Amino acid sequence: MHSPRIIGYGTCGPGEAARFMRDTLNEFDRLCDETLILVNCPPGADVDPEIALIEEFGFHWTRDTREWGKLQWKIKQDFIETHVAALAREGDVMVCLDMDERFDRHLTKDWLRSMPFDAYKVFIVDLWNDEAHYKPESCFWNTRIWRWTGVTEWIAKPVHCGLAPRWAVAYNRYASFILVHKGLMRKADRERKIARYEKYDPYAIHLGKPYYA
């Protein structure tokens, strides 16, 4: 068996480059041997700053123009099956992040290359109002590290479908690492998310409204 590589992947949309995206790409650069980013670009949206930032790091990228809030799971599954699958080999370690996240420094390449199990969830900490505070009731465990097996079926939810395949979400171990999420830290960002999910999940079927409040 080949020595496992660490492959990072994530998705981004318009406006991410002006927020926390550089920190996330730095994290991929710290941990991964190769990184792929899916740029979701609705018709008429400007993602030139995001593409320029990805290219600055020398990462792979591809574009998808489908509507994110309606087809999120399908967009992610197609990205994994088409682009990540072309790069990954059995046994490679996959690391996934949104463009407003980073791991704590205790997660290292050495740990990833030697991890004994095939999928791990880490503890997501939602920063709130500033970088010194978080919202305890919004924190949760989520699968962000998994080993490539070629099985890529996603959870078929239009929103909040996760960043890992169905099997990795269902069968995993707990890893004692923190993932810091800045996407809800600023009130303006929370208000934008509330507006987005009022449109795409108005009855809060996939995630309760108090998560953003």
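Refer to the preceding data block for the structure.
Residues numbered from 1 in each chain as written. Predicted model: local features only at pLDDT ≥ 70, side-chain atom pairs only at ≥ 80, totals over all residues. Heavy atoms only, no water.

Q: Tell me about the environment of P202, and please be specific about residues and values.
A: Along the chain, the position of P202 falls in the segment after helix 6 (187-200). With 139 residues separating them in the primary sequence, P202 and R63 have C-alpha atoms 28 Å apart. Every residue in contact with P202, bar those within four places of it in the chain, is listed here: Y197 and K209. (Helix = DSSP H or I, 4+ residues; strand = E, 2+ residues; numbered from the N terminus. Contact = heavy atoms within 4.5 Å.)

Q: Describe helix 2 (residues 48-57), listing the residues and the values that go with them.
A: Looking at helix 2, one finds that the buried residues are E50, I51, L53, I54 and F57. Around the axis of helix 2, the buried residues are gathered within 160° of arc, so they sit on the same side. More than 90 degrees from the buried face of helix 2, the exposed residues found are D48 and E56. Looking at the residues trailing helix 2, positive phi occurs at G58, about 80°. (Buried < 20%, exposed > 50% of the residue type's maximum accessible area, 1.4 Å probe, protein only. Arc of directions from axis to C-beta.)

Q: An account of the packing of helix 1 (residues 21-31) against helix 2 is needed here, citing residue identities and associated values.
A: At a closest axis distance of 11 Å, the pairing of helix 1 and helix 2 adopts a crossing angle of 25°. On the basis of the axis angle, helix 1 is roughly parallel to helix 2. In terms of crossing hand, the pair formed by helix 1 and helix 2 is right-handed. Contact residues: helix 1 offers M21, R22, L25, N26 and D29, while helix 2 offers E50, L53, I54, E56 and F57. Here the residues of the contact of helix 1 with helix 2 are counted per class, giving five nonpolar, one polar and four charged. (Axes fitted to C-alpha atoms, helices over the stretch in contact; angles between N-to-C directions. Parallel < 35°, antiparallel > 145°, perpendicular 65-115°, else oblique. Left-handed = near helix turned anticlockwise from the far one by under 90°. Nonpolar A, V, L, I, M, F, W, Y, C, P; charged D, E, K, R; others polar.)

Q: Summarise the nonpolar core; cite the residues concerned and give the values.
A: Counting residues in hydrophobic clusters, the biggest one holds 31 residues, and the most contacted among them are L25, F28, I54, F103, L112, V122 and I145. Elements supplying a minimum of two residues to this core: strand 1 (6-12), helix 1, strand 2 (34-40), helix 2, strand 4 (93-96), strand 6 (119-128) and strand 9 (173-181). Setting aside residues up to four positions removed in sequence, L25 forms contacts with I37, L53, I54, F57, F59 and M99. With 21 residues, the next largest nonpolar core counts Y9, I75, L87 and C96 among its residues. (Core = buried A, V, L, I, M, F, W, Y, C linked by side-chain atoms within 4.5 Å.)

Q: Please give an account of the pattern of salt bridges that cites residues and values.
A: Note on pairing: side chains with opposite charge can pair once their charged atoms come close. As enumerated under the stated definition, the model contains 19 salt bridges in all. Residue D23 is joined to K182 by a salt bridge in which the shortest nitrogen-to-oxygen separation is 3.4 Å. With D23 in helix 1 and K182 in the loop between strand 9 and helix 6, this pair connects stretches of sequence that are 159 residues apart. Among the residues examined, D23 registers a relative accessible area of 37% and is labelled partly exposed. K182 sits in the buried class, given a relative accessible area of 7%. Linking R192 and D189 is a salt bridge whose minimum nitrogen-to-oxygen distance equals 2.2 Å. Of this pair, R192 and D189 both sit in helix 6, separated by three residues, roughly a single helical turn. (Salt bridge = Lys/Arg side-chain N within 4 Å of Asp/Glu carboxyl O.)

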